[in-house]
Amino acid sequence: MDKFTGKIWVLGDDIDTDIIIPTEYLALKTVEDMAPYAFSPLRPELAEKIKKGDMIVAGKNFGCGSSREQAPEIIKALGIQCVIAKSFARIFFRNAINNGLLLIENDKFPDAVNEGDEITIAVNESIQHNGNSYPITSLPQNLVDIIHAGGLVQAMRKLNGLGEG
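The present account deals with the structure reproduced in this document.

**Some remarks on the overall build of the protein**
At step 1: Of the regular secondary structure elements, the protein holds seven helices and seven strands.
At step 2: Along the protein, helices and strands appear, N-terminal first, in the series β-α-α-α-β-α-β-α-β-β-β-β-α-α.
At step 3: Here the C-alpha radius of gyration of the protein, 15 Å, is about what a compact globule of 165 residues would show, namely 15 Å.
At step 4: Principal axes of the C-alpha set define a box for the protein whose edges measure 40 × 40 × 25 Å.
At step 5: Across the 165 residues that make up the protein, the buried fraction comes to 48%.
At step 6: Partitioning the intrachain contacts of the protein with sequence separation of at least 6 by distance along the chain shows that 66% fall at a separation of at least 24.

**Structural notes on the state of the cysteines**
At step 1: For the coordinates displayed, the defined rule picks out zero disulfides.
At step 2: Of all cysteine sulfurs, the one in C82 lies closest to C64, which takes part in no disulfide; the gap is 19 Å.
At step 3: Note on C82: relative accessible area 0%, which makes it buried.

**Topic: the packing of aromatic side chains**
At step 1: Scanning all chains against the criterion turns up six aromatic pairs.
At step 2: On the numbers, 6.0 Å between centres and 80° between planes, the contact of F62 with F88 is edge-to-face. A residue pair is termed long-range when its members are at least 10 positions apart, and F62 in the loop between β2 (55–58) and α4 (70–77) and F88 in the loop between β3 (82–85) and α5 (90–98) qualify at 26 residues.
At step 3: F88 gets classed as buried once you look at its relative accessible area, which sits at 5%.

**Structural notes on the packing of α5 against helix α6 (residues 141–149)**
At step 1: It is at 8 Å that the axes of α5 and α6 come closest, and there the two elements cross at 55°. The angle between α5 and α6 falls in the class oblique. Between α5, through R94, I97 and N98, and α6, the contact on the second element is made entirely by L143, I146 and I147.
At step 2: Of the residues contributing to the contact of α5 with α6, the split by class is four nonpolar, one polar and one charged.

**Quick look at the sheet that holds β3**
At step 1: Pairing is mixed across the open sheet formed by seven strands, whose spatial order is β4-β3-β2-β1-β5-β6-β7. Looking at which strands have only one partner, the edges of the open sheet turn out to be β4 (102–105) and β7 (132–135). Each neighbouring strand pair of the sheet contributes to a mean axis angle of 30°, computed without reference to strand direction.
At step 2: Two strands pair when backbone bridges link them, and strand β1 (residues 3–10) and strand β5 (residues 118–122) are joined in this way by five bridges, in the antiparallel orientation. Each residue of the ladder has a partner; that of T5, found in β5, is T120.

How each quantity is defined
- Residues numbered from 1 in each chain as written.
- Predicted model: local features only at pLDDT ≥ 70, side-chain atom pairs only at ≥ 80, totals over all residues.
- Heavy atoms only, no water.
- Helix = DSSP H or I, 4+ residues; strand = E, 2+ residues; numbered from the N terminus.
- Rg over C-alpha atoms; globule rule 2.2 N^0.38 Å.
- Buried < 20%, exposed > 50% of the residue type's maximum accessible area, 1.4 Å probe, protein only.
- Contact = heavy atoms within 4.5 Å.
- Disulfide = S-S within 2.5 Å.
- Phe/Tyr/Trp six-rings, centres within 6.5 Å; stacked < 30°, edge-to-face > 60°.
- Axes fitted to C-alpha atoms, helices over the stretch in contact; angles between N-to-C directions.
- Parallel < 35°, antiparallel > 145°, perpendicular 65-115°, else oblique.
- Nonpolar A, V, L, I, M, F, W, Y, C, P; charged D, E, K, R; others polar.
- Pairing = 2+ DSSP bridges.

Structure follows, in structure tokens:
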């Protein structure tokens, strides 16, 4: 996971958890059942177009709203490997890390891309796009370890020698 390339989907500012997964779909049994409805209030077709390995690029305040953990879980279930935004709601940021979803804050990059562009991420180093390099602020190693493990529960199982759970 240290370096990867993917196609981007561009969203705007203030993408809240009700846009990521509307409340009426939270009653479905699993996040996989909920995933087809991701982003439906904003772009009903988006969830079915996202492919494993794609990334989301957004504006400021991504993940604002409620603290529902299903929001990052559903993004991950869609196959999104990373979300890059100008800023994230703090509780969403921590929920995403705890669920093994990489988030990158960069206030310049979202304005420099178009939907469908391909980018390369070197984790804790840079974003590469059309010959340009955008620096990434490094995450602390303990958070990188949680993401690499696939989430907090898996990281703690690994740390305690309990294997996959």
